[in-house]
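Residue-level listing of the chains:
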Amino acid sequence: ANNNAKPDSPFGLLLLGISLTFDGALSACQGGIKGSSGQYRPPTAMEFMAYTNSYAFLFLLPACIVSGQLQNGMSLMLGDGAIGGEGDAAAAAARRWILLLNATAAAGQVFIFLTIHCFSSIMCTTITTTRKFVSILLSVRHFGHVFSPIQWTSVAMVFGGLYMEIVAKISGGKKKHE
């Protein structure tokens, strides 16, 4: 066992629980809005994305102002200050990395909302869960970590559940066509 291992942080576990709760609530709301049969048409994938980002902006802008992060970010992006005294080259490199990160995040968000719109929020959850678990497994292998038998059992349960969900969808789709 790793003697340097730190116990789970109650605050971190609370944040994880809140994140999962809101993720599930948002997924259910998006599914309900997408399937609504009222007098209004359901929003497109890009409208979903625009509304979600607009509300995030409204909630996060005041937090950025109060915490001082807006001023720090604008200073960095406008080139008013250097990063840790490293000079203009480091600030320029940081700006390039920030822009690249934002471009890839935006592209990923487009695919997420298109998946929700064209398939379902459950399909998007299945895809992202699979991606996260494959990333974890690759990271464990790459960095030479070792899973305990309980952790391997958990991995098997996750992939088994995903496999059973896929089989259920396939067999359910065949019954509809018969």
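Source: prediction; values computed, not measured.

Engineer: Any chance you could explain a nonpolar patch on the surface here in plain terms?
Structural biologist: Taken together, the side chains of Tyr51, Tyr55, Phe57, Leu58, Phe59 and Leu60 make up a nonpolar region of the molecular surface, amounting to roughly 750 Å² of accessible area. The residue tyrosine 51 is located in helix H2 (residues 45-67) in this model. For tyrosine 51, a relative accessible area of 47% puts it in the partly exposed group.

Engineer: Where do I start with H2 in this structure?
Structural biologist: For an α-helix, the turn length of 3.6 residues means that residues three or four places apart are oriented alike. Here H2 spans 32 Å end to end across 23 residues, near enough to the 33 Å set by a 1.5 Å rise per residue. When the local axis directions of H2 are compared, the greatest deviation, roughly 30°, occurs at leucine 60, which is followed within four positions by the proline proline 62. Every buried residue of H2 is listed here: Ala45, Phe48 and Met49. Backbone geometry just after H2 places glycine 68 at a positive phi near 85°.

Engineer: How do you make sense of the packing of H2 against helix H4 (residues 88-118) when you look at a structure like this?
Structural biologist: Between two packed helices, the angle of one axis relative to the other and the distance separating the axes together describe the packing. Between H2 and H4, whose axes approach to 8 Å, the crossing angle comes to 125°. Between H2 and H4, the angle falls in the class oblique. Relative to H4, H2 is oriented so that their crossing is right-handed. On the side of H2, the interface is formed by Ala45, Met46, Phe48, Met49, Thr52 and Asn53, while H4 contributes Gln109, Val110, Phe113, Leu114 and His117. Its residues assigned to classes, the contact of H2 with H4 comprises seven nonpolar, four polar and no charged.

Engineer: In this structure, what is going on with the packing of aromatic side chains? I would like to understand it.
Structural biologist: Tallying each qualifying case throughout the model produces two aromatic pairs. Aromatic pair phenylalanine 133 and phenylalanine 159: ring centres 6.1 Å apart, planes at 80°, arrangement edge-to-face. Taken together, the positions of phenylalanine 133 in helix H5 (residues 121-142) and phenylalanine 159 in helix H6 (residues 149-177) put the pair 26 residues apart, joining distant regions of the chain. Arranged with centres 4.9 Å apart and planes meeting at 75°, the rings of phenylalanine 147 and tryptophan 152 form a pair that is edge-to-face. A relative accessible area of 17% means that phenylalanine 147 is categorised as buried.

Engineer: Any chance you could explain the confidence of the model for the protein chain here in plain terms?
Structural biologist: Reading fine detail from the predicted coordinates is not recommended where pLDDT is low. For the protein chain, per-residue confidence averages 81 on the pLDDT scale, and 85% of positions sit at 70 or higher. Predicted confidence in the protein chain is weakest over helix H1 (residues 10-34), with a mean pLDDT of 77, and strongest over H2, with 90.

Engineer: It is not clear to me how H4 should be interpreted in this structure. Could you clarify?
Structural biologist: With 31 residues, H4 should cover 45 Å at 1.5 Å per step; its first-to-last C-alpha distance of 45 Å lies within 8% of that length. Restricting attention to buried positions, one finds in H4 the residues Ala91, Ala94, Phe113, Thr115 and Ile116.

Engineer: Please explain the side chain of threonine 126 as it appears in this structure.
Structural biologist: Checked against the element boundaries, threonine 126 lands in helix H5. Those residues in contact with threonine 126 that lie beyond four places of it in its chain are Leu162 and Glu165.

Engineer: What is the right way to look at the packing of H4 against H5 in this model?
Structural biologist: Interaxial distance between H4 and H5 falls to 7 Å at its minimum, and their mutual angle equals 135°. Here H4 lies oblique to H5, going by the angle between them. Here H4 contributes Ile112, Thr115 and Ile116 to the contact with H5, which in turn contributes Ser121, Met123, Cys124 and Ile127. The class makeup of the residues in the contact of H4 with H5 is five nonpolar, two polar and no charged.

Engineer: Help me understand the side chain of threonine 115 in this model?
Structural biologist: Relative to the assigned elements, threonine 115 resides in helix H4. The class of threonine 115 is buried, set by a relative accessible area of 15%. Each residue touching threonine 115, except ones within four places of it in the same chain, is listed here: Ser120, Met123, Cys124 and Ile127.

Engineer: Looking at this model, I keep getting lost on the environment of leucine 26. Mind explaining?
Structural biologist: Relative to the helices and strands, leucine 26 is located in helix H1. For leucine 26, a relative accessible area of 42% puts it in the partly exposed group. In sequence terms leucine 26 and serine 121 are 95 residues apart; their C-alpha atoms lie 9.2 Å from each other.

Rules used in this analysis
Numbering of residues begins from 1 in every chain and follows the order in which that chain's sequence is written. In view of the model being predicted, local features appear only for residues whose pLDDT reaches at least 70, and side-chain atom pairs are presented and counted only at 80 or more, with totals across whole chains, interfaces and linings using the full set of residues. Remark: hydrogens and water are excluded; side-chain values derive from all non-hydrogen atoms of the structure. Exposure above 30% relative accessible area and the lack of any salt bridge qualify a residue for a patch; like charges then connect within 9 Å, and the nonpolar side chains Val, Leu, Ile, Met, Phe, Trp and Tyr within 5 Å. What sets the accessible areas is the Shrake-Rupley method with a 1.4 Å probe; for residues, cover comes only from the shown protein chains. One speaks of a salt bridge when a side-chain nitrogen belonging to Lys or Arg is within 4 Å of a carboxyl oxygen belonging to Asp or Glu. Secondary structure counts use DSSP, requiring at least four H or I residues in a row for a helix and at least two E residues in a row for a strand, with both numbered from the N terminus. Only protein chains enter the accessibility calculation, which uses a 1.4 Å probe. A residue is then buried if its area is under 20% of the maximum for its type, exposed if over 50%, and partly exposed in between. Here the expected span of a helix is defined as 1.5 Å times the quantity of residues minus one. We define the bend at each residue as the angle formed by axes fitted to the 7 residues ending at it and the 7 residues starting at it. An axis is simply a line fitted to the C-alpha atoms; with a helix, the fit covers only the stretch in contact. Between two such axes, the angle follows the N-to-C directions and lies from 0 to 180 degrees. Throughout this description, any angle smaller than 35 degrees is read as roughly parallel, any larger than 145 degrees as roughly antiparallel, any in the 65 to 115 degree range as roughly perpendicular, and the remainder as oblique. Helix crossings fall into two classes, left-handed where the near helix is turned counterclockwise from the far one by less than a right angle and right-handed where it is turned clockwise. When checking whether two residues touch, look at their non-hydrogen atoms; a contact exists if any pair is within 4.5 Å. Residues were grouped as follows: Ala, Val, Leu, Ile, Met, Phe, Trp, Tyr, Cys and Pro as nonpolar; Asp, Glu, Lys and Arg as charged; and all remaining residues, including Gly, as polar. Only rings of Phe, Tyr and Trp enter the pairing, Trp through its six-membered ring, and a pair is recorded when the two centres are within 6.5 Å. The plane angle decides the type: under 30 degrees is stacked, over 60 is edge-to-face, the rest tilted. Across the chain, each position has a pLDDT score giving the predictor's confidence in that residue, from 0 to 100.

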